[in-house]
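# Descriptive structure summary
Letter by letter, the chains look like this.
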Amino acid sequence: MSGTLVLVRHGQSDWNLKNLFTGWRDPDLTDLGVTEATAGAKALADYGIRFDIAFTSDLKRAQRTCQIILDGVGQSGLETIRNQALNERDYGDLSGLNKDDARAKWGEEQVHVWRRSYDVPPPGGESLKDTGARVWPYYMTEILPRVLAGQKVLVAAHGNSLRSLLMVLDRLDREQILSVNLATGVPMVYKLKADSTVASKEVLGDMSGAH
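So, here is what we can say about the structure in this document. Keep in mind that what you see is a predicted model, and the values were worked out from it rather than measured.

### Side note on helix α6 (residues 128-148)
For the α-helix, the turn length of 3.6 residues means that residues three or four positions removed from each other point alike. End to end, α6 covers just 26 Å across 21 residues, shorter than the expected 30 Å (1.5 Å per residue, more than 12% under). At Tyr 139, α6 shows its largest kink, close to 45°. Looking at the buried positions of α6, the neighbouring elements they touch are β1 (4-9), β2 (53-56), β3 (80-82), β4 (152-157), α7 (159-169) and β5 (188-192). For α6, the N-terminal capping position is held by Ser 127, with its side-chain oxygen 3.3 Å away from the main-chain nitrogen of Lys 129. Directly beyond the C-terminal end of α6, a positive phi value near 100° is found at Gly 150.

Put into structure tokens, the structure is as follows:
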């Protein structure tokens, strides 16, 4: 019997609130972000899952979300592996800029292309395709083998690193993934078959807050 993979996007960060491009910059969660992560933890506690290991990124908004969830399910000391392969997409020269200011500088259409195209990176940054190129090998070598061995694995990461995983798990093509938005703090529970395809998927909470 293969295991369970739970994906959670971190709660709202300070820069999400300020409408800034964040990428690899490292702001903390807002009070709302803590509340969102806590709600995700409660949903998982009510679901009754016990994790064997957790993975998160090299950025504290994801790390803190991960810890809030582990605290909430009574597994505060669980082994947690941090790796920048799971980091958010690097927005390069856009990082730290207000999204409205970026539109004023480069034009609305160009900024939209950088944000929503699959393979056009912003200056000095990564496209979603580039993000997947580091997320997928890490998933295949470090995360997936544990799930297929029957473990229950938590991954607390970011909108774009998780969208890269959804392309694999939900079998979405490069056009379909562009319209996928993930709500903050809402766990997605995947049970995988022995061939690594998805046997079932449950969303524990309200996805209407996706952005």
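### Here's the deal with the pairing of β5
If a strand is regular, its side chains alternate between the two faces of the sheet. Judged by how many residues are buried, β5 sits mostly within the fold: 4 of 5 residues are covered. Pairing between β1 and β5: 4 bridges, direction antiparallel. Across the sheet, Leu 5 pairs through a bridge with Tyr 190, a residue of β5. In this sheet, strand β6 (residues 198-203) lies alongside β5 in antiparallel orientation, the contact comprising 5 bridges. When the sheet's bridge partners are listed, Met 188 is paired in β6 with Val 203. If you look at the hairpin formed by β5 and β6, you'll find 5 residues sitting between the two strands, and Ser 196 has a positive phi there, around 80°.

### Structural notes on the sheet that holds β6
Strand order in the open sheet formed by 6 strands is β3-β2-β4-β1-β5-β6, with mixed pairing between adjacent strands. Sheet topology places β3 and β6 at the edges, where each strand pairs with a single neighbour. On average, each strand axis in the sheet is inclined to that of its neighbour by 20°, with strand direction left out of account. As judged from the 6 bridges shared by β1 and β4, these two strands associate in the parallel manner. By the bridge assignment for β4, Thr 4 is matched with Lys 152. Of the strands in this sheet, β1, β2, β3 and β4 are in contact with helix α3 (residues 60-72), which crosses β4 at around 140°. Packing of α6 onto the sheet brings it into contact with β1, β2, β3, β4 and β5, and relative to β2 it is tilted by some 160°.

### Some remarks on the environment of Gln 110
Structurally, the position occupied by Gln 110 is in helix α5 (residues 108-116). Distance in space between the C-alpha atoms of Gln 110 and Val 153 is 38 Å, their sequence separation being 43 residues.

### Looking at the side chain of Gln 63
Following the sequence through the fold, Gln 63 ends up in helix α3. On the accessibility criterion, Gln 63 (15% relative accessible area) is buried. At a separation of 3.1 Å, a polar atom in the side chain of Gln 63 contacts the main-chain carbonyl oxygen of Ser 57. For Gln 63, the contacting residues outside a window of four places in its chain are Thr 56, Ser 57, Asp 58 and Arg 82.

### A look at the pairing of β1
Burial within β1 is extensive, with 6 of its 6 residues counted as buried. Of the two faces of β1, the one lined by Thr 4, Val 6 and Val 8 and the one lined by Leu 5, Leu 7 and Arg 9 are each fully buried.

### Some details on the packing of aromatic side chains
Counted according to the given criterion, the structure contains 3 aromatic pairs. The interplanar angle of 50° and the centroid separation of 5.1 Å between the aromatic rings of Phe 21 and Tyr 91 together place this pair among those described as tilted. Note that Phe 21 is positioned in the loop between α1 (14-17) and α2 (31-47) and Tyr 91 in the loop between β3 and α4 (99-106), a separation of 70 residues in sequence. Ring geometry for Trp 106 and Trp 114: centres 5.2 Å apart, planes at 80°, overall edge-to-face.

### With respect to the nonpolar core
Residues Leu 5, Leu 7, Ile 143, Val 155 and Ile 177 are the most contacted members of the largest nonpolar core, which totals 30 residues. Counting residues per element, this core draws most heavily on α6, at 7 residues. The contact partners of Ile 177, leaving out residues within four places of it in the chain, are Tyr 118, Leu 128, Arg 163, Leu 166, Met 167 and Leu 172.

Scoring rules and cut-offs
Residues numbered from 1 in each chain as written. Predicted model: local features only at pLDDT ≥ 70, side-chain atom pairs only at ≥ 80, totals over all residues. Heavy atoms only, no water. Helix = DSSP H or I, 4+ residues; strand = E, 2+ residues; numbered from the N terminus. Expected span 1.5 Å × (residues − 1). Bend = angle between axes of the 7 residues up to and from the residue. Contact = heavy atoms within 4.5 Å. Polar contact = N/O pair within 3.5 Å; in protein donor to acceptor, adjacent residues only side chain to side chain. Buried < 20%, exposed > 50% of the residue type's maximum accessible area, 1.4 Å probe, protein only. Pairing = 2+ DSSP bridges. Axes fitted to C-alpha atoms, helices over the stretch in contact; angles between N-to-C directions. Phe/Tyr/Trp six-rings, centres within 6.5 Å; stacked < 30°, edge-to-face > 60°. Core = buried A, V, L, I, M, F, W, Y, C linked by side-chain atoms within 4.5 Å.

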